[in-house]
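Now for the letters of each chain:
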Amino acid sequence: MKVKISIIEDVLAIIKIDGEFSIFDDEFDLFAKEIAAYTKMGIYRFIIDLSNVTYVDSSGIGIIIRLATGAMKKDTRACVICDQPNVLKVFQVSNVDKIIKFIDSVEDGFKFFEKTTDFHRKVDL
Amino acid sequence: MIFNFTISGKENRIVEFEKELLEILKRLVDNHDMIAHEIHFCIHEAILNIIQHTYKWNLNLPIEIKLNVTGSMEKQNKVLEIRIKDNGPAIDKELIPPTKIDKFQMRKRGLYMIGKIMDEFHVEPIAKNGNITYMKKHLTMKTDEMLDLANGK
């Protein structure tokens, strides 16, 4: 599991995960702690790019639920990019597909947060 | 056809086992990858359940996994039974997965998902020490299920 996190204007996080998003991965604990730190900082706009994720388990789903819960408290949604059928199936079976917003690109995520929150890009990203 | 595995040790041993398992499952379901991934997911979650709740993250304790395949695709009676044995304290009573779950609920979500994917699933105690996680899946798909898969449902 490889994780890259970019923070945009201190209020929006783009998380790109590659590989297996599973609790058995060495990086998982550190990633979970980082996410907890960002949510404590008050960040609730998340774009999670799972397009290169080959597998997700209930612990990975748990992190997405945490992000989705924080977003819904602010009347918005956590945005997820995902086109892997077996990963989408896990979202569907867990009912988590009902509490997140599926998007096609990071740009779609920016537009969604501009529409649903007071987020405005100062420069084109 | 019977496959037996015993896993213990570090996380990477579990990851290695799960890779081997996925290849076996793909062959068992005639390369219907989605079904193989679903069963793989359930076995992963069952192992995770044991490690988290029964073994309390003591990864040195062994977990025995047995896959038993009976019937055939041609006769439309192919069935996979999975028994996962742990050596932890026996649970008080048989565990049956929840049939409903709150959309924000974290706990028991893995069990709920296994219950939705598998045709049968429960965890039962054996004597004073140890439990068996039992799962069963019919591998022969009906025509409408095959159409659903082809349509990505």
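Residues numbered from 1 in each chain as written. Chains lettered and ligands numbered in written order. Predicted model: local features only at pLDDT ≥ 70, side-chain atom pairs only at ≥ 80, totals over all residues.

### Details of the overall build of chain B
1) Next: If you tally the helices and strands in chain B, you get four helices and five strands.
2) Next: At 16 Å, chain B has a C-alpha radius of gyration in line with the 15 Å of a compact globule built from 153 residues.
3) Next: Here the C-alpha coordinates of chain B stretch approximately 45 × 35 × 30 Å along the principal axes.
4) Next: Each of the 153 residues in chain B was classed as buried or not, and the buried ones make up 30%.
5) Next: Considering only intrachain contacts with a sequence separation of at least 6, the fraction spanning at least 24 residues in chain B is 59%. (Helix = DSSP H or I, 4+ residues; strand = E, 2+ residues; numbered from the N terminus. Rg over C-alpha atoms; globule rule 2.2 N^0.38 Å. Buried ≥ 20, exposed ≤ 12 C-beta atoms within 10 Å, placed from the backbone. Contact = placed C-beta atoms within 7 Å.)

### Notes on the overall build of chain A
1) Next: Secondary structure assignment for chain A yields four helices and five strands.
2) Next: In sequence order, the secondary structure elements of chain A are arranged as β-β-α-β-α-β-α-β-α.
3) Next: In terms of overall size, chain A behaves like a compact globule, its C-alpha atoms giving a radius of gyration of 13 Å where 125 residues would be expected to give roughly 14 Å.
4) Next: For chain A, the C-alpha atoms occupy an extent of roughly 40 × 25 × 25 Å along the three principal directions.
5) Next: Across chain A, contacts joining residues at least 24 apart in sequence account for 70% of those joining residues at least 6 apart.

### Observations regarding helix H4 (residues 106-116) of chain A
Every α-helix carries 3.6 residues per turn, so stepping three or four residues along brings you back to the same face.
Residues and elements named next belong to chain A.
1) Next: Listing the buried residues of H4 in full gives Gly 109, Phe 110 and Phe 113. In an axial view of H4, the angular spread of the buried residues amounts to 100°, which keeps them on one side of the axis. Structural note: H4 exposes Glu 107, Glu 114 and Lys 115 on the side pointing more than 90 degrees away from its buried face.
2) Next: Buried residues along H4 sit against strand E2 (12-21), strand E3 (45-56), strand E4 (78-81) and strand E5 (100-103). (Arc of directions from axis to C-beta.)

### Some remarks on the packing of helix H3 (residues 85-93) of chain A against helix H2 (residues 33-54) of chain B
Each pair of packed helices gets described by two things: the angle between the helix axes and the distance between those axes.
1) Next: Where H3(A) meets H2(B), the axes come as close as 10 Å, and the angle between the chain directions of the two elements is 50°. Here H3(A) is positioned oblique relative to H2(B), judged by the angle of their axes. H3(A) and H2(B) meet at a crossing whose hand is right-handed. Between H3(A) and H2(B), the residues in contact are Pro85(A), Asn86(A), Lys89(A) and Val90(A) and Met34(B), His37(B), Glu38(B) and Phe41(B), respectively.
2) Next: Split into classes, the residues belonging to the contact of H3(A) with H2(B) amount to four nonpolar, two polar and two charged. (Axes fitted to C-alpha atoms, helices over the stretch in contact; angles between N-to-C directions. Parallel < 35°, antiparallel > 145°, perpendicular 65-115°, else oblique. Left-handed = near helix turned anticlockwise from the far one by under 90°. Nonpolar A, V, L, I, M, F, W, Y, C, P; charged D, E, K, R; others polar.)

### Concerning the interface of chain B and chain A
1) Next: In this complex, chain B contributes 20 residues to the contact, which on the side of chain A involves 17 residues.
2) Next: Looking at the side of chain B that touches chain A, the elements with two or more residues in it are helix H1 (11-28), H2 and helix H3 (109-117) of chain B.

### Focus on the pairing of strand E1 (residues 2-7) of chain B
Look at any regular strand and the pattern is simple: side chains alternate between the two faces of the sheet.
All names here are of chain B.
1) Next: Within E1, only zero of the six residues are buried, which leaves the element largely exposed.
2) Next: With six bridges connecting them, E1 and strand E2 (residues 63-70) associate as antiparallel partners. Opposite Asn 4, over in E2, you have Lys 66 as the bridge partner. (Pairing = 2+ DSSP bridges.)

### Description of the pairing of strand E1 (residues 2-8) of chain A
Residues and elements named next belong to chain A.
1) Next: With zero of seven residues buried, E1 is to be regarded as a mostly surface element.
2) Next: Note that E1 and E2 share seven bridges and pair antiparallel. Note that in E2 the partner of Val 3 across the bridge is Ile 17.
3) Next: Between E1 and E2, which pair antiparallel and follow one another directly, the connecting turn spans three residues, one of which, Glu 9, has a positive phi of 50°.

### Brief notes about H2(B)
1) Next: The terminal C-alpha atoms of H2(B) lie 31 Å apart, and with 22 residues this matches the ideal 32 Å at 1.5 Å per residue to within 8%.
2) Next: Downstream of H2(B) by one or two residues, Lys56(B) has phi in the positive range, about 50°. (Expected span 1.5 Å × (residues − 1).)

### Digging into the nonpolar core
1) Next: Judged by nonpolar contacts, the single largest core of 66 residues is most densely connected at Phe46(A), Ile48(A), Ile64(A), Ala78(A), Val80(A), Cys42(B) and Ile114(B).
2) Next: No other element matches the ten residues that H2(B) contributes to this core.
3) Next: The residues touching Ile64(A), leaving out its near neighbours within four places in the chain, are Ile48(A), Ala78(A), Val80(A), Val96(A) and Ile100(A). (Core = buried A, V, L, I, M, F, W, Y, C linked by C-beta atoms within 7 Å.)

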